[in-house]
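Report on the structure
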Amino acid sequence: MKNVAFFTLGCRSNEFDTHLMMHQFIQKGYRVIDFEKADIYIINTCSVTAGADRSSRQAIYRAKRSNPHGLVVVTGCYAQTNPHALSELKEVDLIVGNTHKRDILKIIEEYLEGRGEKIYVDNIFRQNSVENFDIITYFEKVRPFVKIQEGCNRFCTFCVIPFARGKSRSVPKEKVLKEVRLLAEKGFKEVVLTGTQLTQYGWDMGTDLYELLVDLVKIRELELVRLSSVYPSEISKDLLDLLLSEEKIAPHFHIPLQSGSDRILKLMKRDYQVKDYVKLIEEILKKRPISGIGTDVIVGFPSENDEDFTKTYNLLYELPIYYLHVFPYSDRKGTKAYAMSHKVSKKVKRERVEALKSLDYEKRKIFLEKNRGMELRALVIDENRLLTENYINLEREGYRKIGEFLRIKI
Ligand code: SF4
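In this text the structure is predicted, and so the values were computed from the model without any measurement. (Residues numbered from 1 in each chain as written. Predicted model: local features only at pLDDT ≥ 70, side-chain atom pairs only at ≥ 80, totals over all residues. Heavy atoms only, no water.)

This paragraph deals with the site of the ligand. Near the ligand you find C152, R154, F155, C156, F158, C159, I161, P162, Q197, Y231 and R270, and these make up its full shell. A per-class count over the shell around the ligand returns 8 nonpolar, 1 polar and 2 charged. (Near = heavy atom within 4 Å. Nonpolar A, V, L, I, M, F, W, Y, C, P; charged D, E, K, R; others polar.)

Below, the structure written as structure tokens:
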């Protein structure tokens, strides 16, 4: 029996894909082991920033060091977007892009028999469906993550994701409903809907996220549906009304802002302005005041000057946001921003990241303070940990009803 080890970088979609690949190998009698001395290493890479590429390469080197005779297979977004750079690394034996992830086991077995190529990467934009999702649920303790969508139609100028994941494709609504019904019947109280760009759900199938949610919340045994991330201008009026009125939808919204400067937003090809974003946040908090709102921000986008950054900082300082995920801009070949001039120096980017990280720390403290004394629904994750509906992690000892919701005073 052969041993296989997996290493995953990046987002939840990638974790999800690793889970699918692992399942295939286990079904075929392989043993999944830790990174010590496997026969086969599968590195599921990320390429969202230059740093992610670097971490992916480090994982590749580590695999070959662990067993110089082992087979090192590289898959994921780095493999999809830059297979030729990877093929130059002597540690890499086989490259399987996102287009071929579904067949990875077959490809590896053929390779081991001395057949096949070194690189399996096709045009990701030719993928029209997500039929390769035999399994659409990934479990994190008591919270199932249900992947309902893949890819993105937007092409923000800094983002490599559409090139790595392709255009938006959705899991058919009936399949999602059936899966969530089964999960609810098995006793799971909360599900998290995930995808590359959740608010594009159903665009390829004549439906949308609103219609899916309307049916999902009717599942009696289900207590909470959490959305992983929503794009500001893709939230329709119907969807917003539902998010703000339906108790079964978690009052926790991750809404990427990216910049507080309209000039930079335009250069990023984001199709909203700061005032639209502010209006959205105000409306959410007016109708569901307990909401925990998180956001993503990129600093150091080409030509971002002190004035632009100050606008971002001041906006986030004022807005009652719970937390920020801060990323320094990173050049990605093939994107429009790659060719833009007036790149911001590493030093300035680092200073801006640090400033926003300190702000993030303050924002979290303020949000937690605001919640003190409130009574909220919380899912018991394990004996010592709860997660509230608005995304506060609580550590307290002695819980028994794991996987159940409690009402607790913060
Ligand atoms: S919306 Fe923009 S940032 Fe988000 S995945 Fe699509 S292209 Fe990338």
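What follows picks up the thread again.
What follows deals with the nonpolar core. Membership of the largest hydrophobic core comes to 66 residues, with the highest contact counts inside it found for I148, L193, L212, L213, L227, I255 and L356. Take this core: its biggest share by element is 7 residues, from helix α11 (residues 274-287). Two domains each put at least three residues into this core: domain 2 (133-250) and domain 3 (256-365). Dropping the residues within four chain positions of it, L213 is found in contact with L193, V225, L227, L239, L242, L243 and I249. Formed by 20 residues, the second largest nonpolar core is a distinct cluster that contains Y41, A59, A79 and I95. (Core = buried A, V, L, I, M, F, W, Y, C linked by side-chain atoms within 4.5 Å. Buried < 20%, exposed > 50% of the residue type's maximum accessible area, 1.4 Å probe, protein only. Helix = DSSP H or I, 4+ residues; strand = E, 2+ residues; numbered from the N terminus. Domains from an automatic or database assignment. Contact = heavy atoms within 4.5 Å.)

With that out of the way, let us pick up the packing of aromatic side chains. The full count for this structure, using the stated rule, is 13 aromatic pairs. Measuring from ring centre to ring centre gives 5.5 Å for F301 and Y329, while their planes differ by 75°; the resulting arrangement is edge-to-face. Separated by 28 residues along the polypeptide, F301 in the loop between β14 (292-299) and α12 (306-318) and Y329 in the loop between β15 (323-328) and α13 (346-371) bring together distant segments of the chain. Between Y313 and Y317, the ring centres sit 6.5 Å apart and the planes meet at 20°, which makes this aromatic pair stacked. Here Y313 and its partner Y317 are both found in helix α12, 4 residues apart, which amounts to about one turn of the helix. Here the aromatic residues Y322, Y323, F367 and Y391 are joined through ring pairs into a cluster of three or more. Sitting over the ring of F145, R12 keeps its end group 3.9 Å from the ring centre. (Phe/Tyr/Trp six-rings, centres within 6.5 Å; stacked < 30°, edge-to-face > 60°. Lys NZ or Arg CZ within 6 Å of the ring centre and 35° of its normal.)

On to the sheet that holds strand β5 (residues 94-96), then. Strand order in the open sheet made by the 6 strands is β2-β1-β3-β4-β5-β6, with parallel pairing throughout. The two strands at the open ends of the sheet, each matched to only one other strand, are β2 (31-32) and β6 (119-120). In terms of strand pairing, strand β1 (residues 3-8) meets strand β3 (residues 40-45) through 5 bridges, oriented parallel. Directly across from T8, in β3, lies its bridge partner N44. Each of β1, β2, β3 and β4 (71-76) is contacted by helix α1 (residues 12-27), which is oriented at about 175° to β1, the strand it contacts most. (Pairing = 2+ DSSP bridges. Axes fitted to C-alpha atoms, helices over the stretch in contact; angles between N-to-C directions.)

The next thing to look at is the pattern of salt bridges. Opposite charge on two side chains permits pairing when their charged atoms draw close. This structure, assessed with the given rule, holds 33 salt bridges. R154 is paired through a salt bridge with D271; the nearest N and O atoms lie 3.1 Å apart. Here R154, found in the loop between β9 (149-150) and α6 (161-165), pairs with D271, found in the loop between α10 (262-268) and α11; they are 117 residues apart in sequence, far enough to count as distant. Overall, D271 belongs to the partly exposed group, its relative accessible area being 46%. One salt bridge connects K287 with E283, and the closest N-O pair in it is separated by 3.1 Å. Taken together, the residues K287 and E283, both in helix α11 and 4 residues apart, mark about one turn of the helix. Accessibility expressed as a relative area gives 45% for K287, which makes it partly exposed. (Salt bridge = Lys/Arg side-chain N within 4 Å of Asp/Glu carboxyl O.)

To continue, consider helix α2 (residues 50-66). Compared with an ideal rise of 1.5 Å per residue, which puts 17 residues at 24 Å, α2 spans 25 Å between its outermost C-alpha atoms and is within 8% of the ideal. Every buried residue belonging to α2 is among A52, D53, S56, A59, I60, A63 and K64, and all of these are buried. One face of α2 carries all of its buried residues, which in axial projection span an arc of 135°. Each element contacted by the buried residues of α2 is listed here: β1, β3, β4, α3 (77-81) and α4 (83-87). (Expected span 1.5 Å × (residues − 1). Arc of directions from axis to C-beta.)

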